[in-house]
Amino acid sequence: MRKWTIPSVLFLLCLLFLLPDQGRRIQANAEAESDAPVDPPKVEEKFGAVPHGLSTDSDVVKRESESMSRKTLRADAEKFEFQAEVSRLMDIIINSLYSNKDIFLRELISNASDALDKIRFLSLTDKEVLGEGDNTKLEIQIKLDKEKKILSIRDRGIGMTKEDLIKNLGTIAKSGTSAFVEKMQTSGDLNLIGQFGVGFYSVYLVADYVEVISKHNDDKQYVWESKADGAFAISEDVWNEPLGRGTEIRLHLRDEAGEYLDEYKLKDLVKKYSEFINFPINLWASKEVEKEVPVDEDESTDEEETSETSSSEEGDEDDSEKPEDEKKPKTKKVKETTYEWELLNDVKAIWLRNPKEVTEEEYTKFYHSLAKDFSDEKPLAWSHFNAEGDVEFKAVLFVPPKAPQDLYESYYNSKKSNLKLYVRRVFISDEFDELLPKYLSFLMGLVDSDTLPLNVSREMLQQHSSLKTIKKKLIRKALDMIRKIADEDPDESNDKDKKDVEESSADNEKKGQYTKFWNEFGKSVKLGIIEDATNRNRLAKLLRFETSKSDGKLTSLDQYISRMKAGQKDIFYITGASKEQLEKSPFLERLTKKNYEVIFFTDPVDEYLMQYLMDYEDNKFQNVSKEGLKLGKDSKAKELKESFKELTKWWKGALASDNIDDVKISNRLADTPCVVVTSKYGWSANMERIMQSQTLSDASKQAYMRGKRVLEINPRHPIIKELRDRVAKDPEDESVEQTAQLMYQTALLESGFLLNDPKDFASRIYSSVKSSLNVSPDAAVEEEEDIEEPEAETDDKEAAAKDDSDAKDEL
């Protein structure tokens, strides 16, 4: 043994001198730290041969296991302090900035996508940057280690140098992507803008220790590690398997974040947030498969013994007839768990395609997946467009076939939006209600912008001018889409010949589509007219209503104007509780005789609507139940006014206690003796009824909005003529005054008002009935005769005594 000692020592010394600097450094580290790796990493020759995967020898696996299990910063790593802003904001970022912990995966996938975008862009001018083999595959890989509670996300993107790791992961607002864009803005693609940095810190929502392993083409492979305690460390990576190029992030999950070790949970998160990322996202997923394996001799013998005798004999005979070479070995099926890469984002983002290339079936399928609608109904319409200019974005909007039941229940309180916001194919939020106004919240769809600026959190967008631009374009496209439903509906056409042609065509599915839309979402259009002054005229074109000439069909304002009489300047309308009630209204009598068309507004919101919709196409709106109605000149107007001057003056005085502003000759009545109208800018009778029915209404505060009431009388009606003659004979006649009061109260009811004193009105009606039946006004009501009833106490005593006697008999 001794003769080999000296040669062995000399041989070891030679090896030490021949080792490179890196080997000596590894040996020194090994002496300084007992658990540090001793040998450089070994990679099998078949590295890269496994599709979509990595293959390592047992030593590499062992070293990786040791590195990942300790959750402590390496002793030989170079230590750094986080930027002061990072340290101060760390608690805010973790505890407040992100309301949903699930988004950490969205952030990491988004950052990986940005890194892949960068290397793809550079490869356009230099193909060698992609390298060879698996490095050319631009993809994202997610892997789980349930035993060690580690979640890994890897990309084959551009990677980070040591300096990049310090700047990008140790400071705020110094994004690696931003620096990349600054270098490329003269000739590069600005669509690669990203925010790598702050979003990364969302990993500490679920992890207490994080490793970032990154390899850039221009630098060695480094490891960044931190426990979010104010410091991080960077060291050259000689433990892990070489990445080739790209970044791998390992999250050592907290105990309470165990749900993210579930494959199904990760699949759902990717589907929700990153379904439309440009690059493949693969998950190392488990799968159970059935496999046939040979049966052991012992098991085979047991099976033969338990089988039936007859069958075994037959089997023996069959086997004896067959040669030994033809006898098949006995096998059994067992379930084995295998692992393979599973593609998670197989749904294509149709909004990135040319609208002309997308079929109707694809739009319908995409709508059902977007709205989680599993019915067979198609959306009423859709709009797919690209917006260019200062702000570039792509969008797809859908009009659902039905309105949700709670669409208007919490209209002003709900912040939920059916519009999903994406930035560079990354889902941001579906509760961002700034891109569409409230009245269009029923629309389904998404917006994907490559230029939308983000602040520190992807959940909160800056109040930037670009938002106003996007909102303006979305509203215009949405209203054009709704108008197109009407334009393509044969029922909306005024041309009968054209209508007949469309009805006989194959495109008959569009018949009645706008009526269906209006029945579902008409209230939203009206709310839009109230809220959106900028688009009020566009929305007014979408209004539909029934009129006195529409025969139960819906009519537009344009159609109404096309049927207006010569010389008619006003658009006449009336509001009320129902169409049937309005058709019998006394306000329509003269208008109907003169062949004027009147719009019926029966929705409570219509009263508010008409306070904002003053005119349309240079035609003013006129409520026929308010003063100011003009129906041409009456040749006898002056004579009638003079003839009834005494009556109107007397009647106004008789109604002084009822706050009547005036009594005038009417130009709107034909068969009714009188009617009550309100002032032009006050509440109508229908509006008063609506306001009084409000749960929290205050009568004292409503008084100033009530319109002044004017009693209009029909000078051609025989009752009014007789009343004029009676007043001329005896203005102090009490019966005439009673009649005038009764007629006013009746007119109030017929005009839609509520009586302040219904009892007084009833008394006047009964007095009138007495007079018509020649019953004396002093006739009293016959009194009822009182009959004395036996005392109740005596009856109770007798009943109790009887019960006692019956009980004794039973005993």
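Summary of the structure given here.

Rules and cut-offs
Residues numbered from 1 in each chain as written. Predicted model: local features only at pLDDT ≥ 70, side-chain atom pairs only at ≥ 80, totals over all residues. Heavy atoms only, no water. Helix = DSSP H or I, 4+ residues; strand = E, 2+ residues; numbered from the N terminus. Buried < 20%, exposed > 50% of the residue type's maximum accessible area, 1.4 Å probe, protein only. Contact = heavy atoms within 4.5 Å. Areas by Shrake-Rupley, 256 points an atom, 1.4 Å probe, with all protein chains shown as cover. Pairing = 2+ DSSP bridges. Axes fitted to C-alpha atoms, helices over the stretch in contact; angles between N-to-C directions. Patch = residues over 30% accessible without salt bridge, like charges linked within 9 Å, V, L, I, M, F, W, Y side chains within 5 Å. Salt bridge = Lys/Arg side-chain N within 4 Å of Asp/Glu carboxyl O. Lys, Arg positive; Asp, Glu negative; His and termini not counted. Charge placed at Lys NZ, Arg CZ, Asp CG, Glu CD. Left-handed = near helix turned anticlockwise from the far one by under 90°. Nonpolar A, V, L, I, M, F, W, Y, C, P; charged D, E, K, R; others polar. 1 Å grid on protein atoms, 1.4 Å probe; cavity = no way out; pocket = protein on both sides within 12 Å on 5 of 7 lines; lining within 4 Å. Points joined across faces, edges and corners; volume = space filled by probe spheres on them. Expected span 1.5 Å × (residues − 1). Core = buried A, V, L, I, M, F, W, Y, C linked by side-chain atoms within 4.5 Å. Phe/Tyr/Trp six-rings, centres within 6.5 Å; stacked < 30°, edge-to-face > 60°.

What follows concerns the overall build of the protein chain. Helices and strands together make up the secondary structure of the protein chain, namely 27 helices and 22 strands. Relative to its full complement of 811 residues, the protein chain shows a buried share of 43%. Restricting the contact set of the protein chain to residue pairs at least 6 apart, pairs at least 24 apart contribute 73%. Of the roughly 46,200 Å² of accessible surface on the protein chain, 49% is carried by carbon and sulfur atoms.

Across the sheet, three strands lie side by side as S20-S22-S21; this open sheet has mixed pairing. Lying at the two open borders of the sheet, with one neighbouring strand each, are strand S20 (660–665) and strand S21 (674–678). Direction aside, neighbouring strands of the sheet carry axes that sit 25° apart on average. Sheet topology note: the S21/strand S22 (residues 709–713) ladder contains five bridges and is antiparallel. Looking at S22, one finds that valine 675 is bridged to glutamate 712. Packed on one face of the sheet, helix H21 (residues 645–654) meets S20 and S22 and runs near 160° to S20. The strands that helix H25 (residues 734–750) touches are S20, S21 and S22; relative to S21, the one it contacts most, it runs at about 60°.

Bringing the environment of leucine 554 into the picture now. Positionally, leucine 554 belongs in the loop between strand S15 (546–547) and helix H16 (557–562). For leucine 554, a relative accessible area of 23% corresponds to the partly exposed category. Not counting residues up to four positions away in its chain, the partners in contact with leucine 554 are Thr515, Trp518, Arg544, Phe545, Glu546 and Gln559.

Bringing a negative patch on the surface into the picture now. On the surface, a cluster of negative charge is made up of Glu782, Glu783, Glu784, Glu785 and Asp786. Of note, aspartate 786 is situated in the loop between helix H26 (758–772) and helix H27 (792–810).

Taken N-terminus to C-terminus, the directions of helix H24 (residues 718–729) and H25 make an angle of 145°; their axes are 10 Å apart at the nearest point. When you trace H24 past H25, the crossing you get is left-handed. Together, Ile719, Ile720, Leu723, Arg726 and Val727 of H24 and Val736, Thr739 and Met743 of H25 make up the contact between the two elements. Counted by class, the contact of H24 with H25 contains six nonpolar, one polar and one charged residues.

With that settled, consider the layout of surface pockets. Vacant regions in the atomic arrangement are exposed by a probe of water-molecule size rolled over the atoms. Roughly 800 Å³ of internal volume is contained in the largest pocket. Those elements that place two or more of their residues in the lining of the largest pocket are strand S16 (570–575), helix H19 (605–612) and strand S19 (619–623). When grouped by side-chain class, the residues that make up the lining of the largest pocket number 13 nonpolar, nine polar and eight charged.

What follows covers a nonpolar patch on the surface. Together, Val769, Leu773 and Val775 make up a nonpolar patch on the protein surface, roughly 250 Å² of accessible area in all. When you line up the elements, leucine 773 lands in the loop between H26 and H27.

Moving on, we come to unusual backbone geometry. Most peptide bonds adopt trans geometry, and most residues besides glycine take a negative phi value. Positive phi, normally seen in glycine, also occurs at lysine 149, with a value near 60°. Structurally, lysine 149 can be placed in the loop between strand S2 (140–145) and strand S3 (150–155). Look at lysine 149 and you get partly exposed, because its relative accessible area is 32%. Its identity as a non-glycine residue notwithstanding, aspartate 618 has a phi of 65°, on the positive side. Here aspartate 618 falls in the exposed class, since its relative accessible area comes to 78%.

Quick look at the sheet that holds S19 now. Pairing is mixed in the open sheet, where five strands are placed in the order S15-S17-S16-S19-S18. Every interior strand has two partners, whereas the edge strands, S15 and strand S18 (615–616), have only one. Both S16 and S19 contribute to a ladder of four bridges, which runs parallel. Pairing of phenylalanine 572 across the sheet is with glutamine 622, part of S19.

Moving on, we get to H25. For H25, built from 17 residues, the straight-helix expectation of 24 Å at 1.5 Å per residue is met to within 8% by its first-to-last C-alpha distance of 24 Å. Within the sequence span of H25, burial applies to Val736, Ala740, Gln741, Leu742, Met743, Tyr744, Gln745, Ala747 and Leu748. In this fold, the buried residues of H25 make contact with H21, S20, S21, S22, H24 and H26.

When you tally the buried positions in strand S7 (residues 246–253), you get eight out of eight residues, the bulk of the element. Neither face of S7 is left uncovered, since the one carrying Gly246, Glu248, Arg250 and His252 and the one carrying Thr247, Ile249, Leu251 and Leu253 both have all their residues buried. Two elements, S3 and S7, share six bridges in a ladder whose sense is antiparallel. Looking at the pairing, isoleucine 150 lines up with histidine 252 of S7. In terms of strand pairing, strand S4 (residues 207–215) meets S7 through eight bridges, oriented antiparallel. Looking at S7, one finds that valine 212 is bridged to isoleucine 249.

Attention shifts here to the nonpolar core. Of all hydrophobic cores here, the largest spans 76 residues; its most connected members are Val399, Leu440 and Leu474. When residues in this core are grouped by element, the largest group, 10 residues, is from helix H12 (residues 465–487). The residues contacting leucine 474, other than those within four sequence positions of it, are Phe385, Phe393, Ala395, Leu397, Leu419, Leu435, Leu436 and Val447. Counting residues in hydrophobic clusters, the runner-up holds 68 residues, among them Phe80, Phe104, Leu165 and Val203.

What follows concerns the packing of aromatic side chains. As enumerated under the stated definition, the model contains 18 aromatic pairs in all. Ring geometry for phenylalanine 104 against tyrosine 260: centres 5.1 Å apart, planes inclined by 85°, an arrangement best described as edge-to-face. Placement of phenylalanine 104 in helix H5 (residues 103–123) and of tyrosine 260 in the loop between S7 and helix H8 (263–273) is noted, with a sequence separation of 156 residues between them. Ring centres of tryptophan 351 and tyrosine 422 lie 5.5 Å apart, and the angle between their planes is 45°; on these two criteria the pair is classed as tilted.

On to the pattern of salt bridges. In the structure shown here, the tally under the stated rule is 37 salt bridges. With a closest N to O distance of 3.0 Å, lysine 523 and aspartate 603 form a salt bridge. Separated by 80 residues along the polypeptide, lysine 523 in helix H14 (residues 513–531) and aspartate 603 in the loop between strand S17 (599–601) and H19 bring together distant segments of the chain. Given the relative accessible area of 30%, lysine 523 is considered partly exposed. Taken together, the shared-partner salt bridges connect Lys523, Lys526, Asp603 and Asp606 into one network.

In this model helix H11 (residues 360–371) runs 16 Å from its N-terminal to its C-terminal C-alpha over 12 residues, within 8% of the 16 Å that 1.5 Å per residue would give. What H11 keeps buried is the set Tyr363, Thr364, Phe366, Tyr367, His368, Leu370 and Ala371. On its buried side, H11 packs onto strand S10 (381–387), strand S11 (393–399), strand S12 (419–423) and strand S14 (444–449). Looking one or two places after H11, you find lysine 372, whose phi comes out positive at around 55°.

On the surface, Lys569, Lys620, Lys630 and Lys680 cluster together into a patch of positive charge. Relative to the elements of secondary structure, lysine 680 occurs in the loop between S21 and helix H22 (685–692).

Moving on to the side chain of serine 524. Tracing the backbone through its elements, the reader meets serine 524 in helix H14. Its relative accessible area of 3% is what places serine 524 among the buried residues.

Let us now look at the pairing of S4. In terms of burial, S4 is largely enclosed, as eight of its nine residues are buried. Strand direction decides the pairing type here: S4 and strand S5 (residues 221–226), joined by six bridges, are antiparallel. Note that in S5 the partner of valine 212 across the bridge is tryptophan 224. Where S4 folds back on S5, the antiparallel hairpin that results is connected by five residues.

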